[in-house]
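Secondary and tertiary structure notes
Spelled out, the chains give:
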Amino acid sequence: MNQVDNTIAVEATIRGATKALLDRQKDDGHWVFELEADATIPSEYVLLVHHLAETPNLELERKIGVYLRRIQCDHGGWALYHGGAFDISATVKAYFALKMIGDDVDAPHMARAREAILARGGALKANVFTRILLALYGETSWMNVPTVPVELILLPRWFPIHLSKMSYWARTVIVPLLVLAAKKPVARNPRDVHVPELFVPGGTAAAKRAPHQSAFWSTFFGALDWVLKRVEPLWPRKLRQRAIDRCVAWTTERLNGEDGLGAIYPAMANSVMMFDTMGYAPDHPDRAVARRSVEKLLVVKDDEAYCQPCVSPIWDTALMCHALMEARDCDAQVAKALEWLEGRQVLTVKGDWAEERPNVRPGGWAFQYWNDYYPDLDDTAVVAMALHRFDATRHAQAIARGREWVEGLQSKNGGWGAFDADNVYYYLNNIPFADHGALLDPPTDDVTGRCIGLLMQLGAGADDSHVKAAVDFLRNSQLRDGSWFGRWGVNYIYGTWSALAGLNAVGLSCDERMIRRAAAWLVGIQNEDGGWGESCDSYKLDYGGYERAPSAASQTAWALMGLMAAGEVDHPAVARGIRYLKDAQQSDGLWPEETYTGGGFPRVFYLRYHGYAKFFPAWAVARYRNLKSGNSRQVAHGL
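Heads up: these notes are all about the structure in this document. Because the structure is a prediction, the values reported are computed rather than measured. (Residues numbered from 1 in each chain as written. Predicted model: local features only at pLDDT ≥ 70, side-chain atom pairs only at ≥ 80, totals over all residues. Heavy atoms only, no water.)

In this section: the overall build of the chain. Check the secondary structure of the chain and you find 22 helices and 5 strands. Taking 639 residues into account, the globule formula puts the C-alpha radius of gyration at 26 Å, and the chain, at 24 Å, falls close to it. Considering only C-alpha atoms, the chain reaches an extent of 75 × 55 × 50 Å along its principal axes. Within the chain, the proportion of its 639 residues that are buried is 63%. (Helix = DSSP H or I, 4+ residues; strand = E, 2+ residues; numbered from the N terminus. Rg over C-alpha atoms; globule rule 2.2 N^0.38 Å. Buried < 20%, exposed > 50% of the residue type's maximum accessible area, 1.4 Å probe, protein only.)

Right, here's the structure in full:
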């Protein structure tokens, strides 16, 4: 293809994608795309309805059943992501939900799942949260669940195990769960459905020490759990009631209206069950609003339905604005979206982050529609960059408050976490309750790259103290192969793009060693078809280097933007990647993608952002066009 034909093809790709994206804008200016996890959340939704003995929506149950059966894997169980390995916890919950819906246990799909569970030691080998669900249904004893005493809520902040030392998502899930663990309610289960067939006679619970946990800390916390189980019956009743009351008050204060506690499904569901356990009637305002928040997560289609773990409108809208600004000629639509975004800034609520940074004023944005107690640094950086990029004068006040909050939440090591500063109490990942290894929110490469980009775009110099510390953080965290870890996107491709974008904004020379190493790594992992791909398997603890995976549109876009940030717009690998995206574009102007390229909790929970394959490829192709034409004014160098 000659240069003229290539230019025409690139423009056609951008136009087709832009039209399709604009058609999906909501009337008030924002975008929101589906956010899909695994079988766990829709299964838990079904079981929640029967825990509460609500009258089930039979048509909704039928559609959820269709969804669960469709995503069952060839290995007989359910995985945590498309094409993933068998996961016993997801499989136990999906089997239980399908049996509750009415599936015959002798149906082939149920028999295959049951055999796979039993072959791996039975349902007791599932993770802690699955065993808690089984205990709530009376399927297993609470002795098979790590003890987390409700009195935890009363401990002083200096105590080594304290809620403020945990991540926001752990906090919001655990507090109502403390009440459930103390009260030990049994699901009403009006259909009287049980799953004894999933247990191996004489079987034992999963190993108390998870693969990520150290022998010393695991032994220590295991001994503590043994003691707690034996002293729990002796706990003073008044102290216990005081702790329960504190948990209820803590939860109620953070209910967050119909957006729900923490705006994430597990916390929302636990809050509903907590209120039910405390005797709140279904029409009690707190219980009712908590219950409605769960319903708002449902995605109901013509033939199937599922429940999302949360929603992502602020994130989707901010990223869409950057993609459209890169594409050009969408000013009216971008202006409307940015007005919507500015109205979502959290300016008055000092959330849990203030425990660590009490003197910082609020000024961030959340991920969901509203989540005032838990805004995040990633969204804040991307939103503020979009506001500044489009009209710095008009949005000056919002941008300044966002910058102030971001600077105030930088961690001492120079990096940024997602929701809190200095959330680095790594020993807590060794408590028995933390078998998922995701109890903390430490600084990460991807969020740090984004925050560097924001500060530089707003006029900070390379010698700014915040920027210098952050660059040192990235210099120290770069891996030997030249890549960076991606906490919130899969995985090293995402982390490397994020870090390179931030370093590009700083103005580091393309000849800088860490830039060259990262660019070489990206070039070296390109697939033969011109795209890039990376499986969620890359999060495994024994990861020894990149393992090739089929190309994905979103990951190809990240790799391309990473290489362009490294000054490699003219590299043949970039031309091949652009050609891959042009060829993969569908007739509707967008790109197909079934793979999961979003990170929830490594090795535990992954996300399929349905928007990622729609706007990231359009963004990457438009950036290529702009850089090749010399129109760098259209390029946001920090993203």
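All right, on to the packing of helix H18 (residues 492-506) against helix H19 (residues 513-524) then. The relative placement of two packed helices is expressed as an angle between their axes plus a distance between the axes. H19 packs onto H18 with a crossing angle of 145° between their chain directions and a minimal axis gap of 11 Å. Where H18 crosses over H19, the two elements pack in a sense that is left-handed. Contacts between H18 and H19 pair Tyr 492, Ile 493, Thr 496, Leu 500 and Leu 503 from the former with Met 514, Ile 515, Ala 518, Trp 521 and Leu 522 from the latter. Here the residues of the contact of H18 with H19 are counted per class, giving 9 nonpolar, 1 polar and no charged. (Axes fitted to C-alpha atoms, helices over the stretch in contact; angles between N-to-C directions. Left-handed = near helix turned anticlockwise from the far one by under 90°. Contact = heavy atoms within 4.5 Å. Nonpolar A, V, L, I, M, F, W, Y, C, P; charged D, E, K, R; others polar.)

To continue, consider the packing of aromatic side chains. In the structure shown here, the tally under the stated rule is 35 aromatic pairs. Both rings, one in Trp 558 and one in Tyr 612, keep their centres 5.9 Å apart while their planes meet at 80°; by these two values the pair is edge-to-face. Of this pair, Trp 558 sits in helix H20 (residues 553-565) while Tyr 612 sits in helix H22 (residues 612-628), placing them 54 residues apart in sequence. With respect to class, Trp 558 is no different from Tyr 612; both count as buried. For the ring pair Phe 615 and Phe 616, a centre distance of 5.1 Å and an interplane angle of 55° mean the geometry is tilted. Classification of Phe 615 as buried rests on a relative accessible area of 0%. What links up through ring pairs into an aromatic cluster is the set Phe 33, Phe 367, Tyr 494, Trp 497, Trp 558, Tyr 609, Tyr 612, Phe 615, Phe 616 and Trp 619. The ring of Tyr 425 is capped by Lys 165, whose NZ or CZ atom sits 5.4 Å from the centre of that ring. Positioned above the aromatic ring of Trp 488 is the side chain of Arg 487, whose terminal nitrogen or guanidinium carbon lies 3.8 Å from the ring centre. (Phe/Tyr/Trp six-rings, centres within 6.5 Å; stacked < 30°, edge-to-face > 60°. Lys NZ or Arg CZ within 6 Å of the ring centre and 35° of its normal.)

Coordinates in, geometry out; function isn't part of it.
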